Amino acid sequence: MPLFIFSYPRILPSSFLGYASASLIFSLPPAWCKTKGEKVAMASGVSDGSGKSLTHWLRENGFDDDAVARMSRRCRNLHSLDAGEASGVWDYLLTGVKMERRKLRHVVAKCPKVLTLSVDGKLVPTVQCLATLQARPGEVAQAIAKFPQILFHSVEEKLCPLLAFFQTLGVSEKQLAKLLMVNPRLISYSIEAKFSQTVDFLAGLGIDKEGMIGKILTKEPYIMGYSVDKRLRPTAEFLKSAVGLQGQDLKRVIMSFPDILSRDVDKILRPNLAFLQSCGFSRNQVTALVSGYPPVLIKSVKHCLEPRMKFLVEEMGRDMGEVVDYPQFFRHGLKRSLEYRHKVLKQMNSSCSLSEMLDCNQKKFAMKFGLVTAV
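Residues numbered from 1 in each chain as written. Predicted model: local features only at pLDDT ≥ 70, side-chain atom pairs only at ≥ 80, totals over all residues. Heavy atoms only, no water.

Trainee: Help me understand the nonpolar core, please; the structure alone is not making it clear to me.
Mentor: The biggest cluster of nonpolar side chains holds 119 residues, and the ones touching the most others in it are Phe166, Leu180, Phe195, Leu261, Leu297, Phe329 and Phe330. Considering each element in turn, this core owes the most residues, 7 residues, to helix H5 (residues 83-96). In this view, Leu297 contacts Leu239, Val243, Ile260, Ile268, Leu269, Asn272, Leu273 and Val290; residues no more than four positions away in its chain are not counted. (Core = buried A, V, L, I, M, F, W, Y, C linked by side-chain atoms within 4.5 Å. Buried < 20%, exposed > 50% of the residue type's maximum accessible area, 1.4 Å probe, protein only. Helix = DSSP H or I, 4+ residues; strand = E, 2+ residues; numbered from the N terminus. Contact = heavy atoms within 4.5 Å.)

Shown next, in the form of structure tokens:
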């Protein structure tokens, strides 16, 4: 039996009031789904009124022949599109949505079907709806650039149930707006087949559905895109069996750094664990390190972990066990923080713990060791 059963009301939330009528328009098929007879009519009118063909129009807007050929393969009905209609979509996204020309060109090249959408019937209502999700200026354009397919989804069939689902997890409408703007691909996922499975999985780890799961999703919007069976569960099992995280320690790591669940075990986590073990850390010490500073399992061994451990032992003359007491050691910059502060303390012939040395900003460090004038 699944841990999480969810049902949602098919109602419009407050921010979508006024767009209910638009949802009727959204249920209509886009231009590229027109009937055969309509396609023939479009094919006979491939100019924008000035005799300009669609191919000519695309070339004028920066698409070379190779790009046009790729776009035609991605959208087989592109050849039947009227240049005037394509120009209308282009102008709206450029001026109405305020999308940069460079990004717009990338969007059209990646998803040429965008050019087939009706401006008044589809684009305007969808963009206005996204804008009412308390999105900041420019965020809608950025979301479209990240995932152009967001323009093909309807308010009633996607956004409203999605908002209702996330509200049950303690995610507000404003937070959902942020999630969608950061990861607009969320709108393409199924609630039953995708979102509910992820929530069930997190709940199975002992994470409370009411509030805590919502905080995880808000902190790491991309976690919903990963397969539970292929990525999230294997990673959680690795954290439990190989790293030694159990119970509250595992929950605390996931809550503070949910990004760790989406990292590949064999490519990232296992090599980092092997490095820590090669340094001589025991299993319990590794568990303490990861509990205290989860990113230690995803930081670059070559560019972060190894140089800092080498500096700690060879230059600072400290025992590696000190890092277990202060795992945040690995988040400090090597040159701007570690080397500078060690040099200052060495010149003063002063000694202190790693936390006393590093757990403060430069100003407080200077005040602590009487170096105010040096800052």
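Trainee: Explanation requested: helix H13 (residues 228-241) in the structure shown.
Mentor: Helical periodicity: at 3.6 residues per turn, an α-helix aligns residues three or four positions apart in one direction. Residues Val228, Leu232, Thr235, Ala236, Phe238 and Leu239 constitute the buried set of H13. Where H13 is buried, its residues contact helix H11 (191-204), helix H14 (247-256) and helix H15 (265-278). Where H13 begins, one side-chain oxygen reaches toward the backbone nitrogen of Asp229, 3.4 Å away; that side chain belongs to Ser227. (Polar contact = N/O pair within 3.5 Å; in protein donor to acceptor, adjacent residues only side chain to side chain.)

Trainee: When you look at the side chain of Asn272 in this model, what are you seeing that I'm missing?
Mentor: Tracing the sequence through the fold places Asn272 in helix H15. Judged by its relative accessible area of 5%, Asn272 falls in the buried class. Other than its neighbours up to four places away in sequence, Asn272 contacts Val296, Leu297, Ile298, Lys299, Val301 and Leu305.

Trainee: Could you clarify how one ought to interpret unusual backbone geometry in this entry?
Mentor: As a rule of thumb, non-glycine residues mostly have phi less than zero, and peptide bonds are mostly trans rather than cis. Positive phi outside glycine occurs at Lys98, with the angle close to 65°. Here Lys98 is to be found in the loop between H5 and helix H6 (101-110). You can call Lys98 exposed: its relative accessible area is 65%.

Trainee: Before we go on, may I ask you to explain H6 in this structure?
Mentor: Leu104, Val107 and Val108 are the residues of H6 that are buried. Around the axis of H6, the buried residues are gathered within 95° of arc, so they sit on the same side. Summarising the contacts, the buried residues of H6 are in contact with helix H4 (65-74), H5 and helix H8 (139-146). (Arc of directions from axis to C-beta.)

Trainee: Can you help me understand the packing of aromatic side chains in this one?
Mentor: We describe a pair of aromatic rings using the distance from one ring centre to the other and the angle between the two ring planes. A full pass over the atoms with the stated rule returns 9 aromatic pairs. Where Phe166 meets Phe195, the ring centres are 5.6 Å apart and the plane angle is 65°; that geometry is what we call edge-to-face. Here Phe166, found in helix H9 (residues 155-167), pairs with Phe195, found in helix H11; they are 29 residues apart in sequence, far enough to count as distant. The exposure class assigned to Phe195 is buried, which follows from its relative accessible area of 0%. For the pair Phe329 and Phe330, a centre-to-centre distance of 5.4 Å together with 75° between the ring planes defines the contact as edge-to-face. Residue Phe329 shares its accessibility class with Phe330, and that shared class is buried. By way of ring pairs, the aromatic residues Phe165, Phe166, Tyr189 and Phe195 are connected into one cluster. (Phe/Tyr/Trp six-rings, centres within 6.5 Å; stacked < 30°, edge-to-face > 60°.)

Trainee: Teacher, can you tell me more about the packing of H8 against helix H10 (residues 173-182) here?
Mentor: Two measures define how a pair of helices packs: the angle their axes make with one another and the distance between the axes. At their nearest, the axes of H8 and H10 sit 8 Å apart, and the two run at 45° to each other. Comparing their axes, H10 and H8 come out oblique. Note on element contacts: H10 touches H8 through Leu180, Met181 and Val182, opposite Glu139, Val140, Ala143 and Lys146. (Axes fitted to C-alpha atoms, helices over the stretch in contact; angles between N-to-C directions. Parallel < 35°, antiparallel > 145°, perpendicular 65-115°, else oblique.)

Trainee: I tried to follow the pattern of salt bridges on my own but got confused; where do I start?
Mentor: Oppositely charged side chains may form a pair once their charged atoms are brought near each other. The full count for this structure, using the stated rule, is 10 salt bridges. In this structure, Arg59 engages Asp65 in a salt bridge whose closest nitrogen and oxygen atoms are separated by 2.9 Å. Note on Asp65: relative accessible area 48%, which makes it partly exposed. (Salt bridge = Lys/Arg side-chain N within 4 Å of Asp/Glu carboxyl O.)

Trainee: When you look at the environment of Leu58 in this model, what are you seeing that I'm missing?
Mentor: Here Leu58 is to be found in helix H3 (residues 54-60). Given the relative accessible area of 1%, Leu58 is considered buried. Leave out the neighbours within four places in its chain, and Leu58 touches Phe63, Val68, Met71 and Leu115.

Don't take any of this as a statement about function, it's just geometry.
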